Amino acid sequence: MARFFPRHQRANATRGERIVFERLRSLNDSWCVLHNLAYVDSGQSRLRIGESDFVLLHPRHGLLIMEVKDGGYRVTDRQWFASRRGTDVPLGDPFDQAVRNRYALANWLRRSTGIRQVPAGHCVVFTDGRPSGNLGPHAPDAIVLTAASLEQAPVLVERVMAHWDQRGWTSRSDFEQALAALAPSAVVARTLRYDVDLAADDLDRLTRRQIQLTGRQLEVLAGTSRRSASLVLGAAGTGKTLLAQERARELAARGLRVAVIGQQRDLRLEIRRQLRVPGVSSGDPQDVLCDLFGADRVGGYEGEPLWATVLSLVEAYGRPLDCLIVDEAQSHDEDLLVALRELVRPDGSVVLFADPYQRDRSGTWRPDGAFNEFWLTENCRNTLPIAKLVARVSGAHTPFTGPDGRRPRFTDGTADLVGACVDAVVEILKDLPTSQAVLVTATQGSHPTIRRALADQGVRVSPGLRGDGLAVCTVRQFHGCEAPAVVYADDGDEDWTTSYIAVSRACAFLHVVGGHGRWEPFRFLMEDNQ
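What this report covers is the structure whose coordinates are included nearby.

Once that is clear, we can look at the state of the cysteines. Within the structure shown, the criterion is met by zero disulfides. Summary of cysteine pairing: C380 is not part of a disulfide, and the nearest cysteine sulfur, belonging to C507, is at 9.8 Å.

Right, here's the structure in full:
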């Protein structure tokens, strides 16, 4: 929940201010909300006392002035009117008021703190509905809000900040200075929840940018190359699964028939949940074949290798797809990958998303066939400290940019792996709900002991990934999924691919419990938890 300064509303707050106050509670922990902020602007020839209904501050986005207006409004010939007891009363433009407050407050911050760049935007909330009439070019839809639209406050506020595109504070210290100047008693503790929420904002922005960039690249390749197949390569965390889903939605919206194939069970279930879109078939190869041709027809080839079944169905009933998208292509049988391409019509396209490091540490794995090939190089799942460990474990190139965050932690579990894992989980759950954490293990052998030990500490454990308790699962079960916080119990002598997949599942916080000697080559990237 957002941090409010002061914590409670003033006694004489208007009805609209009370509504907006409650709506803004849904912002995450990285937002600071100042309400009824009064200030004195002495930068003009005379003193001006101003007041902003709400001022929102964020360590990355900047500052947002939010003015609140109750009642009904209309605009005629650029004149604003407010409805007061059945009478239209002329009044000043509320957007002019918001602009004045925005620049006055930004100027005050520059003079009082020395901050050179104050990334500020503004908006107006009409709690009783959007005004009628032409609001003018200075009031685009992105900054005209209503109480109803604030039901989705996190999305809406993000959209307003994106509209102003102020690129954030120059440094973290500028944000801290601004907050200290505007709310002198405010203290923003760097809790795990705060860091997780801050990372989520950054990673979401990186993901959206990655989707847009990759979508444009695929369009260019499709339009300029004679090859109908594209291969999108990237290490763990570069957004391949989200890109695959977004590409499927985009093509289906054009009226094309699309199939998205995933391999791991929980990943397939998640893809099917996300892609309930007309024109899209999703699941494992068997699921997709049944959807495209019917279960009875597919059942007629029972006992045949799946690749042979695909070819037989195509020969008997034709090619049904305009586009085939395969996620985690490196996990599929090579013969099956070749056969699946036959499902696509001659003028259609194939896009394979793959992590070559899961097949070899050199990153040189490639499927058979000729492809338009390009790499995703920006990690949009993990904060930078985690991304560096992920790259080191996999053998991929070390990233140099990414969202700030905490360094991964390491606990030597040689003497008591279960106890160390339980301690790590309990520490995380002081700040985060169980829905934001997961405990993954290299093998399943330690699960009964871990579950009993967690229960003794009062931690509810879910039998699967979608329960209301803490998920405890193997790396294989969690493959393709992610969580804000991950405890990884390296309880086996598995190959490093298993550990690579495990550490890459953590978005903002990672705690590794394993053998001291085994993890020694990576300890310089981690904090000791001893």
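Moving on, we get to the pattern of salt bridges. Within this structure, the stated rule accounts for 22 salt bridges. Its salt-bridge partner being R319, residue E342 comes within 2.7 Å of it at the nearest N-O pair. A residue pair is termed long-range when its members are at least 10 positions apart, and E342 in the loop between α11 (334–340) and β14 (344–354) and R319 in the loop between α10 (306–317) and β13 (321–326) qualify at 23 residues. Under the relative-accessibility criterion, E342 is labelled partly exposed at 29%. Among the residues examined, R319 registers a relative accessible area of 36% and is labelled partly exposed. Each of R60, D202 and D404 takes part in one network of salt bridges that share partners.

Following both chains from N to C, one finds helix α13 (residues 417–428) and helix α14 (residues 447–456) inclined at 45°, their axes separated by 10 Å at the closest point. Judged by the angle between their axes, α13 and α14 are oblique. Regarding α13 and α14, the two cross each other, and that crossing is right-handed. Residues V418, V422 and V425 of α13 form the contact with α14, whose participating residues are T449, I450, A453 and L454. Its residues assigned to classes, the contact of α13 with α14 comprises six nonpolar, one polar and no charged.

Attention shifts here to the sheet that holds strand β10 (residues 229–234). The parallel open sheet is built from six strands, whose spatial order is β12-β11-β13-β14-β10-β15. Each edge of the open sheet is held by one strand with a lone partner, namely β12 (280–283) and β15 (372–376). The average angle at which neighbouring strand axes cross in this sheet is 15°, direction not considered. Pairing geometry for β13 and β14, over five bridges, is parallel. Within the sheet, the bridge partner assigned to I325 lies in β14 and is V351.

The rules we used
- Residues numbered from 1 in each chain as written.
- Predicted model: local features only at pLDDT ≥ 70, side-chain atom pairs only at ≥ 80, totals over all residues.
- Heavy atoms only, no water.
- Disulfide = S-S within 2.5 Å.
- Salt bridge = Lys/Arg side-chain N within 4 Å of Asp/Glu carboxyl O.
- Helix = DSSP H or I, 4+ residues; strand = E, 2+ residues; numbered from the N terminus.
- Buried < 20%, exposed > 50% of the residue type's maximum accessible area, 1.4 Å probe, protein only.
- Axes fitted to C-alpha atoms, helices over the stretch in contact; angles between N-to-C directions.
- Parallel < 35°, antiparallel > 145°, perpendicular 65-115°, else oblique.
- Left-handed = near helix turned anticlockwise from the far one by under 90°.
- Contact = heavy atoms within 4.5 Å.
- Nonpolar A, V, L, I, M, F, W, Y, C, P; charged D, E, K, R; others polar.
- Pairing = 2+ DSSP bridges.

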